[in-house]
Amino acid sequence: MTYATRLQAVLSGCAIFASTAAWADPQITGRPVQHQLNMQTPVTAVGADIYSLHNWMMIVCLVIFVGVFGVMFYSVFKHRKSLGHKPATFHESTAVEIAWTIVPFLIVIGMALPATKTVVALKDTSNADLTIKATGMQWKWGYDYLKGEGEGISFLSNLSTPRSQIGEPGVAPTEARGENYLLEVDNEMVVPVGKKIRMVFTANDVIHAWTIPAFAIKQDAIPGFVRDGWFKAEKVGVYRGNCVELCGKDHAFMPIVVRVLSAEDYTAWVEGKKKEMAALADDPTKTWTIDELKTRGEAVYAANCVACHQANGKGVPAAFAALDGSQVVNGEKGHQIEVLLNGQKTGKFPTEMPAWKQLSDTEIAAVITYTRNTWSNKAAENIVQPAEVLAARKQ
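Residues numbered from 1 in each chain as written. Predicted model: local features only at pLDDT ≥ 70, side-chain atom pairs only at ≥ 80, totals over all residues. Heavy atoms only, no water.

Quick notes on the overall build of the chain
Turning to step 1, where the next piece is worked out: The helix and strand inventory of the chain stands at 11 helices and 10 strands.
Turning to step 2, where the next piece is worked out: In terms of overall dimensions, the chain has a C-alpha envelope of 100 × 50 × 45 Å along the principal axes.
Turning to step 3, where the next piece is worked out: Here the chain holds 395 residues, and 37% of them are scored as buried.
Turning to step 4, where the next piece is worked out: The long-range fraction of contacts in the chain, counting pairs at least 24 apart against all pairs at least 6 apart in sequence, stands at 65%.
Turning to step 5, where the next piece is worked out: Summed over its atoms, the accessible surface of the chain is roughly 22100 Å², and 61% of this surface lies on carbon and sulfur atoms. (Helix = DSSP H or I, 4+ residues; strand = E, 2+ residues; numbered from the N terminus. Buried < 20%, exposed > 50% of the residue type's maximum accessible area, 1.4 Å probe, protein only. Contact = heavy atoms within 4.5 Å. Areas by Shrake-Rupley, 256 points an atom, 1.4 Å probe, with all protein chains shown as cover.)

Brief notes about the sheet that holds strand S4 (residues 189–192)
Turning to step 1, where the next piece is worked out: Pairing is mixed across the open sheet formed by 3 strands, whose spatial order is S4-S10-S9. Unpaired on one side and paired on the other, S4 and strand S9 (237–242) mark the two borders of the sheet. On average, each strand axis in the sheet is inclined to that of its neighbour by 25°, with strand direction left out of account.
Turning to step 2, where the next piece is worked out: Where S4 lies against strand S10 (residues 255–261), 4 bridges are found, and the strand directions are parallel. Bridging from a neighbouring strand, Val-191 pairs with Val-260 of S10. (Pairing = 2+ DSSP bridges. Axes fitted to C-alpha atoms, helices over the stretch in contact; angles between N-to-C directions.)

Points about the environment of Pro-192
Turning to step 1, where the next piece is worked out: Considering the arrangement of structural elements, one finds Pro-192 in strand S4.
Turning to step 2, where the next piece is worked out: Separated by 43 residues in the primary sequence, Pro-192 and Glu-149 have C-alpha atoms spaced 9.5 Å apart.
Turning to step 3, where the next piece is worked out: Those residues within four positions of Pro-192 in sequence are excluded, and the remaining contacts are Leu-130, Ile-197, Val-260, Leu-261 and Tyr-266.

A short note on the pairing of strand S1 (residues 130–137)
Turning to step 1, where the next piece is worked out: Burial of S1 is extensive: 7 of the 8 residues sit out of reach of the surface.
Turning to step 2, where the next piece is worked out: With 7 bridges connecting them, S1 and strand S5 (residues 197–203) associate as parallel partners. Its bridge partner being in S5, Lys-133 is matched across the sheet by Val-200.
Turning to step 3, where the next piece is worked out: In the sheet, S1 pairs with strand S2 (residues 140–147) via 7 bridges, with the strands oriented antiparallel. Residue Ala-134 lies in a different strand from S2, and its bridge partner there is Tyr-143.

Side note on the sheet that holds S1
Turning to step 1, where the next piece is worked out: Taken in spatial order, the 5 strands make up an open sheet running S3-S2-S1-S5-S8, and their pairing is mixed. Every other strand in the sheet has two partners, leaving strand S3 (154–157) and strand S8 (227–231) as the edge strands with one partner each. Shown here is a sheet whose adjacent strand axes are inclined to one another by a mean of 25°, direction ignored.
Turning to step 2, where the next piece is worked out: Pairing of S5 with S8, which is carried by 5 bridges, proceeds in the antiparallel orientation.

Quick notes on the pairing of S3
Turning to step 1, where the next piece is worked out: Sheet topology note: the S2/S3 ladder contains 4 bridges and is antiparallel. Residue Gly-142 lies in a different strand from S3, and its bridge partner there is Leu-156.

Section: the nonpolar core
Turning to step 1, where the next piece is worked out: In terms of nonpolar packing, the biggest core is built from 40 residues, with Tyr-145, Met-189, Met-199, Trp-210 and Phe-215 touching the most fellow members.
Turning to step 2, where the next piece is worked out: Mapped onto this core, the elements with two or more residues apiece are S1, S2, S4, S5, strand S6 (208–212), strand S7 (217–221), S10 and helix H5 (263–280).
Turning to step 3, where the next piece is worked out: Each residue touching Phe-215, except ones within four places of it in the same chain, is listed here: Val-43, Thr-44, Phe-231, Ala-233, Tyr-239, Val-258 and Val-260.
Turning to step 4, where the next piece is worked out: In terms of nonpolar packing, the next biggest core, distinct from the first, is built from 19 residues, Cys-305, Ile-337, Ala-365 and Val-389 among them. (Core = buried A, V, L, I, M, F, W, Y, C linked by side-chain atoms within 4.5 Å.)

Quick look at the pattern of salt bridges
Turning to step 1, where the next piece is worked out: Scanning the model with the defined rule gives 11 salt bridges in all.
Turning to step 2, where the next piece is worked out: When the shortest N-O distance is used, the salt bridge between Arg-31 and Glu-179 registers 3.7 Å. Of the two residues, Arg-31 sits in the loop between helix H1 (2–21) and helix H2 (45–78) while Glu-179 sits in the loop between helix H4 (163–166) and S4, which places them 148 residues apart along the sequence.
Turning to step 3, where the next piece is worked out: Look at Glu-179 and you get exposed, because its relative accessible area is 66%.
Turning to step 4, where the next piece is worked out: Arg-163 is the salt-bridge partner of Glu-168, the closest N and O atoms lying 3.9 Å from each other. (Salt bridge = Lys/Arg side-chain N within 4 Å of Asp/Glu carboxyl O.)

So, in structure tokens, the structure goes:
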């Protein structure tokens, strides 16, 4: 049994090292770490339970592996034919039958009971302090604070890593990658520490998936369906994740960032965010000049439309429609307003045009005006005012 004992000691040591490696540096939280051997450090109670279950299951599997293969290898080497051993001839042993039925059953029960308790806890979204809706779209997230402190706050969250670090197909990046390369956004989701956050998930185009590994939460966002989950972060910090459902060509550029603040700092953030939203809210009755709308529309297009339709308006062949020379863009403006508000599915492309109701009336009017006066487009109805979008929205 000398070799089996040594093998068991080595494998046990590896398991212990792997289970503790992720905790080695408590200063690094909320993101993958180079050479990390295990899950990210959890900052929720459920996450800690999952981490413990993972280690427990690994130990059980390791013991079974060592026990089964240890006996097998020992038998092969110590009772081989070359040493003069002869095979046993017994069969239909009742004791063996009972043993290999009861022992696995007990192992499964021992693993299933704590796992079931954790799974039930994962699904309990009752008594939440805040409710936030996350809407997946190609390729960004929209957040709406539905209930609790911060109710009414709404914003889009886009990748903020510059293209100069990413490069383009066939074009090398011109800047070195930052510390949070492809894991940084322009608008972080913000929540208070120690509060139960209920997340409601949906999507407006294809299936996405929202996950923050440190929170032990992962849920698909499916068009036409509403799913939910929850977390309660117990440590202030910034935590990062990604869309983990293959959702299209820019799937890798759809990060998720959640900033957890103290109660006081969160209240200050809510007040500041609401003032910011009020300052950005445009009067839909204001009449804009075409140059003002084009300037505003260019910024809206760059933030929301360029990923699919490209900066040159040419779209992506067989994937996303071109806006340069488009009949919709050069046609009757009422139809383009309807497309922006309600989306469109023509069947010509695998992904339908999603609705963009989350944009303000001014933003929709501006981006439509921009597309109608850019590239080779020369639409007869070349300007759209916010009041026209507001009227269409009410229909």
